[in-house]
Each structure stands twice: as structure tokens, then as C-alpha cells.
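Survey of secondary and tertiary structure
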Amino acid sequence: MTYAIDGWFAISEEDGVHLLGTSCAACGTICFPPRRGSCPNPRCASTDMRVLPLPRRGRVWSYTNACYPPPAPFVAPDPYVPVTLAAVELDEVGIVVLGQVKGLTVDQLQVGMEVELTAGPLADGPLVWMWERAS
Amino acid sequence: MSAVAVLGTGMHPWGKWGRPFLEYGVAAAREALRDAGLEWTDVQYVVGADTIRNGYPGFVSGASYARELGWSGARVASCYAACASGAQALDIARTRILAGLCDVALVIGADATPKGFFKPVGGDRPDDPDWLRFRLLGATNPAYFALYARRRMALHGSTPADFAAVKVKNALAGSLNPMARYRKPVTAEEVLASPMVADPLRLMDICATSDGGAAVVLASQEYARRRGTGFVRLAAVSTVTPVFPNTILELPDFATDSCAAVPAPERPFRAAIAHAAYEEAGLGPEDLSLAEVYDLSTALELDWMEDLGLCPPGEADKLLRDGRTALNGSIPVNPSGGLASFGEAIPAQALAQVCELANQLRGRAGARQTAGARVGLAADQGLFGHGSAIIATL
Ligand SMILES: [Zn+2]
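Fair warning: this is a prediction, and the values are worked out from it, not measured in the lab.

This paragraph deals with the overall build of chain B. In terms of regular secondary structure, chain B is built from 14 helices and 11 strands. The globule rule puts the C-alpha radius of gyration for 394 residues at 21 Å, and the 20 Å found for chain B is close to it. Counting only C-alpha atoms and orienting by the principal axes, one finds that chain B spans roughly 55 × 50 × 45 Å. Here chain B, with 394 residues, has 61% of them falling under the buried criterion. Pairs at least 24 apart in sequence give 75% of the contacts found in chain B among residues at least 6 apart. A total accessible area of about 14,000 Å² is found for chain B, and carbon and sulfur atoms account for 54% of it.

Structure follows, in C-alpha cells:
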């Protein structure tokens, strides 16, 4: 299994697909993508950022699609099928995360609807995180 | 805070001309100098807003323009801030004048763009979020505009017809602007029949990529007064970053900040941009005669109206439908025709907004003129969380 990017998500037999964030050991601020170096909270000087799996479920903050093939470095499938995107508000951690949507078109999405994390391949093979209808 | 004087403005018409960006910038600069009644050799400080698609001359645009205009020994600076480049270049010149380091400065921005979507800078660059958003998600700029538009529909009940009405309004204003690229009025039916690009936004909801140039001559008030003519004042240039946690998904990011440990600030980022300018100028939204905002999409213009405080959240559609933001309305928004009529020429567009403010305040906007215009605000936003609001007064 090749990931399109290392360290941003993980797939395990037991727990399924998780985004990997970081949590500041001092103030508890959580980040995605995982952040190295210092805490993004301007009132916190901590550099102790610990990787943690983020909640797998969330509610759609907004969504759209790409009716025309996006330019490189995106690799568009041939024939092109519009990419659906959703920005999803993750339960508990208060972050909105953008991702491709698997198995749903814009007509099947709604703001506020529940989705969960999965993974799927880019047109040239490597896996990326994706949102799908919550089971 | 004391103001600096806008002595002159100039533009090169927007379009898809296929010529080097330097030509557009120099044409705009010469026009601004003519307008100010100055020679290039009178300019003590030249600032270029950078264009990163046009090679080395674009990266060091200040020097490139100075060379084109003829080496004069002027002090020089260049500045890149994506879509906010023009505003930051203006702020650099203004600050130097306010510091007493020079009396006359020339600010120039110009661009020559390729066809189609803006793409990330070339090469294999997995450390760059701007490159990664294309690689991993295919998330173009219009995709982000569409996320805001769809969110607005869900939150405030805006409809595609409302978005189309913004385009109709701006196209009508643009048809009266000789500098605009698109000079044809459009109907709501045409907008709603144009191809879907990023649902719910159609081709005519999204601004095109354009060639174009704009320039502004700034001077100290003392210098302007000595010349004995009236002038427009720059009362504020606010360039601010967001306050943590920024809970609106910002182009080109993958995610917002988390509001789990620190609550979201009372004032969202775009509203904070305007607020900082109001504070600096000692003015408020009720003082505005007109506003130029970054209508990268039709829907985004509605968001900006609320962020500028022209109406409470969720009421921009009503203000639009009532005709209040039209050319003859109580608070015209994008009387220049906006990005809808110009398209994006990135380093030039914030300066083009200032050209419109100056034209309106000087009463020379022709058929677009806002009667008795005294205060104008222009707002822009760059990538990665920064943006500016500029207030000009008589
Ligand atoms: Zn912290």
C-alpha cells in the first residue's frame, strides 16, 4: 500500500482509516496536517507536539466538485469523473478538514450530514484519505 | 494617523493581450505619472508588486520596472503577497513616506497570465501545501470559492439566482469601464446557463485570469499641498493576519485551526481586515460612499458585504436585491465592475481597486460615478491568511 503522503493518515486492520494530527502537550491545541516545531497557539510556547489519530467521523461543513479536470500535479482519470470535495467538521476536535469524497456526488451531499473517513486511490495509484457516507 | 496623498493613478486595460507584463506595468506607470503631473525622474521610491509566473523580472519587479522606465537612481523595493501584493506594495510606499524617508513614490503591479486555472509553481514540491492541495485533492481556487458559496446557501438561504444577480450588477458596471476586460452586460439567464465549474458556481460566477496593469503615485501631504491641487488621501491600509484559531477554511489550506483548546475569535478574519482599516481611519461602514471588494466569485461579494459591516450576517442578499449595492444605490459595491469584469491580474488587482476609489472620489468615474463620493474602501485577500483593506477619503 503506497500512501500519496506520509504521516498524514494511517490505515489499520482494527481501527480503519484515521487522519493523524498533532496535539500540543501544553495547551491541548490540535492540528491537521500534523505540525512539527511550535504550537500554533500564539500564547503557547510549547514545542512538544504529539501525533494522535483524529476522530473518524464528522459533519459536512461544505462541499463542491470539480466539473473540469484539475491541473497537474493532480492526475485526472481518463475518462474524467468529477472529483467531489467535502470540508468536514470533525467531532470533538473542532477542526474542518478538506478531502475527496468517495461514492457520493454533490447531489447526495448536504451541509450538516454525517460522514466518516475512508481511503481511496488517486488515478495513478497511491492512496489518499477520503470521506464517505457514515455507516 | 496621518494620511498620504494619492497624486495620480493609471491602468493598462485588462484583457488577454499575450504581451510581457512589463509593458502593462510601464504603461500604467506612465499614465499614473501623467495623471500626477510628474516625471519619472521625480519619483524617489518605486515599489513593484511581484508576479511569480513571469520569471526573474517578475520576482524583482521593482527593479524591472525601474529599468524599463530608465535607471534613475530611485530607491526601490519589490513585494510578493499573492492576491494582496498590490496592497502590500502600496503599504510599503506609504510607510516610507510617513516615515519621512521620501516625498514621492510610485507603486506598480502588472501580470500576464496563462489560460485556465491558476496552477501551483512547477516541479515536484511535496513540502508546499499549495502544490499538495492540487496533487492530493485536485482542489483548485474555484473549489474553495464554491465551498464558501455552498456554506452561504446552507447558512443564509442564498440561491444561485442571488449569485447571478451579483454578476449582472457587476457586468453592467464593467460595461461602463473602459479599463475592464468584459464590457458586455449579461442577464441572469446567461449566468445560470453557463457551464458548472465547481458546484454551485458556474463559469460566469468565477473571475477569469487576465493580463493587466495598474499604478499609483503617492506623495506626502506637504508635497501635495505645495503643488496646490486637491488630492485624495489614503486614510488607512490595514494588512493583517488572522487571529488564532482561524475557523474558516483558508485557501490553500487542508484544514482550519482547531477551536477545541482556544475559542474562535469574536471577529472572523475577513471582518478583522475591514475592522483594522476602520480603526486606523477613524471611520465606520456608515461613512462609506462605495466599496471595491474581491469578488473572486459572485457569492464571495455577498460575504464581503457582511464582513465590511454594510449589513448584518445573512442580509447581503437582501441589500443586493433591493438595489442598494448597484451603481445608483446607497452603497455601490464594485462600481468598477469588479474582478467579474476585470479578471485576475494578481499583482495589479488591489492597485486597480485603488484606481477606482481615486476616480470615484475625484468625480471622474463617468457613467459609473457615485454622486458625492467622499469615502471609499477596497478589500482584498491573499493566500495563506493575510489580506488588506484600504480606505481613501477626500
Ligand atoms: Zn500549545
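Following the structure, the description resumes.
Residue and element names in this part refer to chain B. The 9 strands are arranged S3-S2-S4-S7-S1-S8-S11-S10-S9 in an open sheet whose pairing can be described as mixed. Looking at strand neighbours, the two that pair on one side only are strand S3 (75-79) and strand S9 (290-293), the edges of this open sheet. Strand-to-strand twist of the sheet, defined as the mean angle between neighbouring strand axes without regard to direction, takes the value 20 degrees. For S9 and strand S10 (residues 375-382), the ladder comprises 4 bridges, and the chain directions are parallel. By the bridge assignment, Glu292 is partnered in S10 with Ala378.

What follows is about the environment of Lys16 of chain B. All names here are of chain B. Mapping Lys16 onto the fold places it in the loop between strand S1 (4-15) and helix H1 (21-36). Classification of Lys16 as partly exposed rests on a relative accessible area of 35%. The sequence separation of Lys16 and Thr209 amounts to 193 residues, and the corresponding C-alpha distance is 8.4 Å. Discounting residues that sit within four places of it in the chain, Lys16 has contacts with Thr113, Pro114, Lys115, Arg181, Thr209, Ser210 and Asp211.

Before going further, it helps to examine the side chain of Arg270 of chain B. Looking at the element boundaries, Arg270 of chain B is found in helix H10 (residues 269-281). Using a relative accessible area of 13% as the deciding quantity, one classes Arg270 of chain B as buried.

Averaged over all residues, the pLDDT of chain B is 96; the fraction at 70 or higher stands at 99%. For this predicted complex, the interface confidence reaches an ipTM of 0.98, while the overall pTM sits at 0.97.

Applying the stated criterion across every chain yields a total of 10 aromatic pairs over all chains. Note on Tyr3 of chain A and Phe9 of chain A: the rings are 4.6 Å apart at their centroids and 20 degrees apart in plane angle, and the pair reads as stacked. A residue is classified by how much of its surface remains accessible, and Tyr3 of chain A, at 21% relative accessible area, is partly exposed. For Phe9 of chain A, a relative accessible area of 2% puts it in the buried group. Arranged with centres 5.6 Å apart and planes meeting at 85 degrees, the rings of Phe32 of chain A and Trp129 of chain A form a pair that is edge-to-face. Residue Phe32 of chain A is located in the loop between strand S3 (30-31) and strand S4 (49-53), and its partner Trp129 of chain A is located in strand S9 (residues 127-133); the two are separated by 97 residues in the primary sequence. Across this residue pair, the class does not change: Phe32 of chain A and Trp129 of chain A are buried. Taken together, the ring pairs in this structure connect Tyr3, Trp8, Phe9, Phe32 and Trp129 of chain A together with Phe254 of chain B into an aromatic cluster. Sitting above the plane of the Tyr148 of chain B ring, Arg270 of chain B keeps its charged end 5.6 Å from the centroid.

Another aspect to go through is the environment of Leu251 of chain B. On the secondary structure map, Leu251 of chain B appears in the loop between strand S8 (232-240) and H10. Each C-alpha atom of the pair Leu251 of chain B and Asp322 of chain B lies 31 Å from the other, and the pair is 71 residues apart in sequence.

A separate point is the pattern of salt bridges. Residues and elements named next belong to chain B. Tallied over the full model, the rule gives 25 salt bridges over all chains. Linking Arg19 and Glu23 is a salt bridge whose minimum nitrogen-to-oxygen distance equals 2.7 Å. For Glu23, a relative accessible area of 39% corresponds to the partly exposed category. The residue Arg270 makes a salt bridge to Asp307 at a minimum N-O spacing of 2.7 Å. You can see Arg270 sitting in helix H10 and its partner Asp307 sitting in helix H11 (residues 298-307), a full 37 residues away along the chain. Of the two residues, Arg270 and Asp307, both sit in the buried class. It is possible to trace a salt-bridge network through shared partners that takes in Arg152, Arg270, Asp303, Glu306, Asp307 and Asp317.

The subject of this paragraph is the packing of helix H4 (residues 85-98) of chain B against helix H14 (residues 346-361) of chain B. Residue and element names in this part refer to chain B. Running from N to C, H4 and H14 point in directions that differ by 65 degrees, and their axes come no closer than 5 Å. The orientation of H4 with respect to H14, classified from their angle, is roughly perpendicular. Contact with H4, carried on its side by Ser85, Gly86, Ala87 and Leu90, involves Pro347, Ala350, Leu351 and Val354 of H14 and no other residues of that element. A per-class count over the contact of H4 with H14 returns 6 nonpolar, 2 polar and no charged.

So, about the sheet that holds strand S8 (residues 114-121) of chain A. The strand order S5-S6-S7-S9-S8 (chain A) describes a closed barrel built from 5 strands, whose pairing is mixed. Along the sheet, successive strands turn relative to each other by an average axial angle of 45 degrees, direction set aside. Here helix H5 (residues 129-137) of chain B sits on the sheet and contacts strand S6 (83-90), strand S7 (96-101) and S9 of chain A; the angle it forms with S7 of chain A, its principal contact strand, is near 40 degrees. Strands in contact with helix H6 (residues 141-156) of chain B are strand S5 (57-66), S6 and S7 of chain A; relative to S5 of chain A, the strand with the most contacts, it is inclined by about 120 degrees.

Conventions we followed
- Counting starts from 1 at the beginning of each chain's written sequence and moves along it residue by residue.
- The order in which chains are written sets their letters, starting at A; the order in which ligands are written sets their numbers, starting at 1.
- Per-residue local features of the predicted model are confined to residues with pLDDT of at least 70, and side-chain atom pairs are confined, for both listing and counting, to 80 or more; whole-chain, interface and lining totals are unaffected and use all residues.
- In computing side-chain properties, one takes all heavy atoms of the structure into account and sets aside hydrogens as well as water.
- The helix and strand labels rest on DSSP assignments: H or I over at least four residues marks a helix, E over at least two residues marks a strand, and numbering proceeds from the N terminus.
- It is over C-alpha atoms that the radius of gyration is taken, and the globule rule equals 2.2 Å times the number of residues to the power 0.38.
- Burial status follows relative accessibility: with a 1.4 Å probe on protein chains alone, a residue under 20% of its type maximum counts as buried, one over 50% as exposed, and anything between as partly exposed.
- Any two residues whose heavy atoms approach within 4.5 Å are treated as being in contact.
- All accessible areas in this document rest on Shrake-Rupley with a 1.4 Å probe, and a residue is counted as covered only by the protein chains that are shown.
- Should DSSP find at least two bridges between two strands, the strands are regarded as paired.
- Note on geometry: axes are C-alpha line fits, over the in-contact stretch for helices, and angles between N-to-C directions span 0 to 180 degrees.
- Scored from 0 to 100, pLDDT records how confident the predictor is in each individual residue.
- Stacked, tilted and edge-to-face are the three classes applied to pairs of Phe, Tyr and Trp rings, where Trp contributes its six-membered ring and a pair requires centres within 6.5 Å; stacked means planes under 30 degrees apart, edge-to-face means over 60, and tilted covers the rest.
- Distance and angle both matter: a charge sits over a ring if NZ of Lys or CZ of Arg is within 6 Å of the ring centre and within 35 degrees of the ring normal.
- A side-chain nitrogen of Lys or Arg and a carboxyl oxygen of Asp or Glu constitute a salt bridge if their distance falls within 4 Å.
- Orientation categories follow fixed angle ranges, with anything under 35 degrees roughly parallel, anything over 145 roughly antiparallel, 65 to 115 roughly perpendicular, and all other angles oblique.
- Under this grouping Gly is polar, as are all residues other than the nonpolar Ala, Val, Leu, Ile, Met, Phe, Trp, Tyr, Cys and Pro and the charged Asp, Glu, Lys and Arg.

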